[in-house]
Amino acid sequence: MSVETKISDREIIAALQGGLPIVAAPYTEVADKLGMSETDLVTQIAAMKDSGAIRRIAAAPNHYKLGMVANGMTVWDVEDAQVAELGAKIGALPFVTHCYERPRARDQGWPYNLFAMVHGDSPDEVEAKRAEIAAILGDACHGHDILYSKRILKKTGLRLRKRG
């Protein structure tokens, strides 16, 4: 009599977090390594997506290699009462790849509470995108800046570690 052991969501994420293998049937290969069927793996991945535990499985392009060499984290001093609503609008822009509300550090000279990452082929392109964001924020914005990347030192998604 065999008892089927359920593979945890965490184990599946750990198996996928480095990327899918470049083979004809990547889910079959991952499922085999986990000791489960491909159908069960895909079903469990879909359930994790439906629950919000994962957002997607996607390619992770290197924007520098694709010619997008101007990369700027735009930072904004936005009225606290409006940051959630306006942040949602900024986050919905197709050229914004990351958008966060973060606490201010006014006592350290940092008034910004809204952050939006944009990429472009040139600083002029990033500046044009910054102008689009500024137009949306309007009078609710009291200041902004752009922090340009110089080079990638490390870039990964969240990496789960083994517990224990």
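Residues numbered from 1 in each chain as written. Predicted model: local features only at pLDDT ≥ 70, side-chain atom pairs only at ≥ 80, totals over all residues. Heavy atoms only, no water.

## Quick notes on the overall build of the chain
Counting its secondary structure elements, the chain contains five helices and four strands. For the chain, the succession of helices and strands along the chain, N to C, is α-α-α-β-α-β-β-α-β. Over its C-alpha trace the chain gives a radius of gyration of 21 Å, far above what one expects of a compact globule, namely 15 Å for 164 residues. The dimensions of the chain, computed from C-alpha atoms along their principal axes, are 70 × 35 × 30 Å. Across the 164 residues in the chain, those meeting the buried criterion constitute 30%. Contacts in the chain between residues at least 24 apart in sequence constitute 65% of all its contacts with a sequence separation of at least 6. Accessible surface, the chain: about 11200 Å² in total, of which carbon and sulfur atoms supply 54%. Computed over 21 positive and 21 negative side-chain charges, the inter-centroid distance for the chain is 7 Å. (Helix = DSSP H or I, 4+ residues; strand = E, 2+ residues; numbered from the N terminus. Rg over C-alpha atoms; globule rule 2.2 N^0.38 Å. Buried < 20%, exposed > 50% of the residue type's maximum accessible area, 1.4 Å probe, protein only. Contact = heavy atoms within 4.5 Å. Areas by Shrake-Rupley, 256 points an atom, 1.4 Å probe, with all protein chains shown as cover. Lys, Arg positive; Asp, Glu negative; His and termini not counted. Charge placed at Lys NZ, Arg CZ, Asp CG, Glu CD.)

## A few points about the domain arrangement of the chain
According to the domain assignment, the chain consists of domain 1 (9–51) and domain 2 (70–148). Its C-alpha centre places domain 1 at a distance of 36 Å from the equivalent point of domain 2. (Domains from an automatic or database assignment.)

## A look at the UniProt feature "domain: Siroheme decarboxylase NirL-like HTH" (unreviewed entry) in the chain
Here the UniProt-annotated "domain: Siroheme decarboxylase NirL-like HTH" (unreviewed entry) positions come out as residues 9–55. Helix makes up 66% of residues 9–55 and strand 0%, and the two end C-alpha atoms of the span are 14 Å apart. (UniProt positions renumbered as here; feature names shortened; annotations may be inferred.)

## Section: the UniProt feature "domain: Siroheme decarboxylase AsnC-like ligand binding" (unreviewed entry) in the chain
UniProt's entry tags residues 65–154 with the feature "domain: Siroheme decarboxylase AsnC-like ligand binding" (unreviewed entry), counted in the numbering of this structure. Annotated as residues 65–154, this span is 27% helix and 33% strand, and its ends, taken at the C-alpha atoms, are 15 Å apart.

## A short note on helix α2 (residues 26–34)
For α2, the full list of buried residues reads Pro26, Val30, Ala31 and Leu34. Down the axis of α2, the smallest arc covering the buried residues is 130 degrees, so these residues share one side. Elements in contact with the buried residues of α2: α1 (9–16) and α3 (38–51). Directly after α2, the chain includes Gly35, whose backbone phi takes a positive value near 80 degrees. (Arc of directions from axis to C-beta.)

## So, the sheet that holds strand β4 (residues 141–148)
One open sheet accounts for four strands, arranged β2-β3-β1-β4; its pairing is antiparallel. Unpaired on one side and paired on the other, β2 (96–101) and β4 mark the two borders of the sheet. Averaged over neighbouring strand pairs, the angle between their axes works out to 20 degrees when direction is ignored. Of the pairings in the sheet, the one linking β2 to strand β3 (residues 114–120) comprises five bridges and is antiparallel in character. Residue pairing for β3: Tyr100 is matched across the bridge by Phe115. Sheet contacts for helix α4 (residues 83–91): β1 (70–78), β2 and β3; angle to β2, the most-contacted strand, approximately 170 degrees. (Pairing = 2+ DSSP bridges. Axes fitted to C-alpha atoms, helices over the stretch in contact; angles between N-to-C directions.)

## Thoughts on the environment of Ile13
Along the chain, Ile13 falls in helix α1. On the basis of relative accessibility, which here comes to 23%, the residue Ile13 falls in the partly exposed class. Residues Ile13 and Ala24, eleven residues apart in the sequence, show an inter-C-alpha distance of 20 Å. With near-sequence residues (within four places) excluded, Ile13 lies in contact with Met48, Ile54 and Leu160.

## Focus: the packing of aromatic side chains
For the coordinates displayed, the defined rule picks out two aromatic pairs. The interplanar angle of 80 degrees and the centroid separation of 4.7 Å between the aromatic rings of Trp110 and Tyr112 together place this pair among those described as edge-to-face. Trp110 gets classed as partly exposed once you look at its relative accessible area, which sits at 28%. The structure contains a cluster of three or more aromatic residues connected by ring pairs, namely Trp110, Tyr112 and Phe115. Above the plane of the ring of Tyr100 lies Arg102, whose end atom (NZ or CZ) is 4.6 Å from the centre. Positioned above the aromatic ring of Phe115 is the side chain of Arg102, whose terminal nitrogen or guanidinium carbon lies 5.3 Å from the ring centre. (Phe/Tyr/Trp six-rings, centres within 6.5 Å; stacked < 30°, edge-to-face > 60°. Lys NZ or Arg CZ within 6 Å of the ring centre and 35° of its normal.)

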